[in-house]
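So the chains spell out like this:
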Amino acid sequence: MNDVAMEFIDLCAQLEKMRPAIEKRISKVLDHGKFILGPEVLELEILLADYVGRKHCITCANGTDALQMALMCNGVGPGDIVLTPAFSFFATAEVVPQVGAKPYFVDVDRSTFNICPESVLLALDDIKSQNLGMPKAIIAVDLFGLPANFVELERICKDKGLILIEDAAQGFGGSIMGRRACSFGDVSTTSFFPAKPLGCYGDGGALFTDSDVIAERARSIRTHGAGKHKYEHVRLGLNSRLDTLQAAILLAKFEYFAAELAHRQQVSERYKDACKRVTAPFVPEGYTSGWAQYTVLAKPGERDAIRERLYARGVPTAIYYPRPLNKQTALTDFIEGDVPVANDLSNRVFSLPIGGVQKLHDVTKVVDEVRNL
Ligand SMILES: *Cc1c(COP(=O)(O)O)cnc(C)c1O
């Protein structure tokens, strides 16, 4: 066999397909030379706001800054508690102490892996009865591409007067009853890190909102808290703009995004058919996933052996995430709810290779090897 090894995320296959369109867009930026907040940035913001169904899109330097800006725009700070799922990428929780607030880790749903609305209610009772602080916001994550249960979460947040932030760093492309990810809650954020469903060739992120006030604050915060004039600063901010070059790359790549989503969906269906030894991901009725990752659940104690076998047979896998947020040493000042599911999942999940452009031969290989487990 003269096979090249399969990549876990094959960005080369994608580049091969899009290279002429991307080079054309990059070349235009080199010609006009507006490298910071050039015309491509605004063009992208209009395009993405329209795609997700929000009034405003404010791009920024990365998905982590987008989350931090979402908290800053809503005045979340010292004394406030922010509820986040215990099972997510570190950045979801990292931004909370960055603004001086305290994370409360809530358990996730066993079938969707997303924040569990019943556990949110238990957490709110716990905060109240123990007088732990002021619950101010919930950051709900669209883990692995599947939107969180925003039907319930929007109702809870409205009822309890909480700010709802959608961390759609992995969610871009997913939907609930036709409503797209990045349109839920008060503010949504996403990431354009290369490995995300819509990735650029460096770091990038965006914040979405329907509120004119939040949008104006976010635009100010991403440029050092600027006021009306460049050297008037009305608040503390960040330096967090999306490079014009990255916006240009995203504009070129977005042309292919619908086709990529369809491809990911097809691959997910083939993988699902092959899953017997491991449990395939669950997508609730009315939901679609953007399939940022295809994450399966192994039986207790079986994960390492299964991954080793797949690896030996040429199928790379990855673990997102081997450690829940409540066990991260960098986070010291947090409140840990009862999170048995998050603890269990971190010992049992692993992800199969999936991408927007994937060689058919690679997909078939994964299917065969998973079926033969
Ligand atoms: C990737 C990711 C982020 C952070 O995005 P960056 O662009 O890497 O800063 C935040 N939350 C989740 C769930 C992510 O997967």
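Look up: the structure comes first, before these words.
Residues numbered from 1 in each chain as written. Predicted model: local features only at pLDDT ≥ 70, side-chain atom pairs only at ≥ 80, totals over all residues. Heavy atoms only, no water.

Draft legend 1. Structural context of helix α7 (residues 212-221). Listed in full, the buried residues belonging to α7 are I214, A215, A218, S220 and I221. Buried residues in α7 make contact with β1 (56-60), α3 (63-73), β8 (187-191) and β9 (205-209). Between the side-chain oxygen of the N-cap and the backbone nitrogen of V213 there are 3.3 Å, and the N-cap of α7 in question is S211. (Buried < 20%, exposed > 50% of the residue type's maximum accessible area, 1.4 Å probe, protein only. Helix = DSSP H or I, 4+ residues; strand = E, 2+ residues; numbered from the N terminus. Contact = heavy atoms within 4.5 Å. Polar contact = N/O pair within 3.5 Å; in protein donor to acceptor, adjacent residues only side chain to side chain.)

Draft legend 2. How the structure looks around the pattern of salt bridges. For the structure shown, the criterion picks out 16 salt bridges. Ionic pairing is found between D10 and K359, a salt bridge with its closest N-O pair at 3.2 Å. One end of the pair, D10, is in the segment before α1 (11-32); the other, K359, is in the loop between β13 (349-352) and α12 (360-371), with 349 residues separating them in the sequence. Residue classification places D10 among the buried positions, given a relative accessible area of 11%. With its nearest N and O atoms 3.6 Å apart, the salt bridge here joins K136 to D80. Here the residue K136 occupies a position in strand β4 (residues 134-141), and D80 occupies one in strand β2 (residues 80-85), the gap between them amounting to 56 residues. Overall, the relative accessible area of 22% leaves K136 in the partly exposed class. A cluster of three or more residues bridged by salt bridges with shared partners is formed by E45, R219 and R222. (Salt bridge = Lys/Arg side-chain N within 4 Å of Asp/Glu carboxyl O.)

Draft legend 3. Inspection of the sheet that holds strand β6 (residues 175-176) at higher detail. Spatially, the three strands line up as an open sheet ordered β7-β6-β10, and their pairing is antiparallel. Edge strands, defined here as strands with exactly one partner in the open sheet, are β7 (179-180) and β10 (287-288). Bridge count for β6 against β10 is two bridges, and the pairing is antiparallel. Along β10, the bridge assignment pairs I176 with Y287. (Pairing = 2+ DSSP bridges.)

Draft legend 4. Main features of the packing of α1 against helix α2 (residues 39-52). Where α1 contacts α2, the axes come no closer than 10 Å and their chain directions differ by 135 degrees. It follows that α1 is oblique to α2 by the angle criterion. Here R25, K28, V29 and H32 of α1 come into contact with α2, specifically with P39, E40 and E43. Tallied by class, the residues present in the contact of α1 with α2 amount to two nonpolar, one polar and four charged. (Axes fitted to C-alpha atoms, helices over the stretch in contact; angles between N-to-C directions. Parallel < 35°, antiparallel > 145°, perpendicular 65-115°, else oblique. Nonpolar A, V, L, I, M, F, W, Y, C, P; charged D, E, K, R; others polar.)

Draft legend 5. Broad picture of the site of the ligand. In the vicinity of the ligand, 14 residues are found, and the nearest of them are G63, T64, Q170, S191 and K196. At a separation of 2.8 Å, a nitrogen atom of the ligand approaches a polar side-chain atom of D167. Note that an oxygen atom of the ligand is positioned 2.7 Å from one of the side-chain N or O atoms of Q170. Computed on the free molecule, the ligand has an accessible area of 380 Å², of which 92% lies beneath the protein chains in the complex. Contributing elements (two or more residues each) for the shell around the ligand: α3 and α4 (91-98). By residue class, the composition of the shell around the ligand is four nonpolar, eight polar and two charged. (Near = heavy atom within 4 Å. Areas by Shrake-Rupley, 256 points an atom, 1.4 Å probe, with all protein chains shown as cover.)

Draft legend 6. Quick peek at the sheet that holds β1. Strand order in the open sheet formed by eight strands is β1-β9-β8-β5-β4-β2-β3-β12, with mixed pairing between adjacent strands. The sheet is open, and its two borders are formed by β1 and β12 (335-336), each paired with just one other strand. Two elements, β2 and β4, share four bridges in a ladder whose sense is parallel. Following the sheet pairing, V82 is matched in β4 by A137. The sheet contacts of α4 involve β2, β3 (102-106), β4 and β5 (163-167), and relative to β3 the element is tilted by about 150 degrees. The strands touched by α7 are β1, β8 and β9; relative to β1, the strand with the most contacts, the crossing angle is about 15 degrees.

Draft legend 7. View of the side chain of S346. The topology assignment puts S346 in helix α11 (residues 340-348). Engagement of the side chain of S346 in a polar contact is seen with the backbone oxygen of N343, the distance being 2.8 Å. Residues in contact with S346, not counting those within four places in the same chain, are F87, R303, Y321, P322, R323 and P324.

Draft legend 8. Spotlight on the pairing of strand β11 (residues 294-297). Where burial is concerned, the two faces of β11 agree: the one with Y294 and V296 and the one with T295 and L297 are both buried. Where β11 meets β13, four bridges bridge the pair, whose relative direction is antiparallel. Opposite T295, over in β13, you have S351 as the bridge partner.

Draft legend 9. Representation of the pairing of β8 in the model. Buried residues dominate β8, accounting for five of its five residues. With three bridges connecting them, β5 and β8 associate as parallel partners. In the strand pairing of β8, E166 is matched with S188. Alignment of β8 against β9, held across five bridges, turns out to be antiparallel. Paired with T190 across the bridge in β9 is A206.

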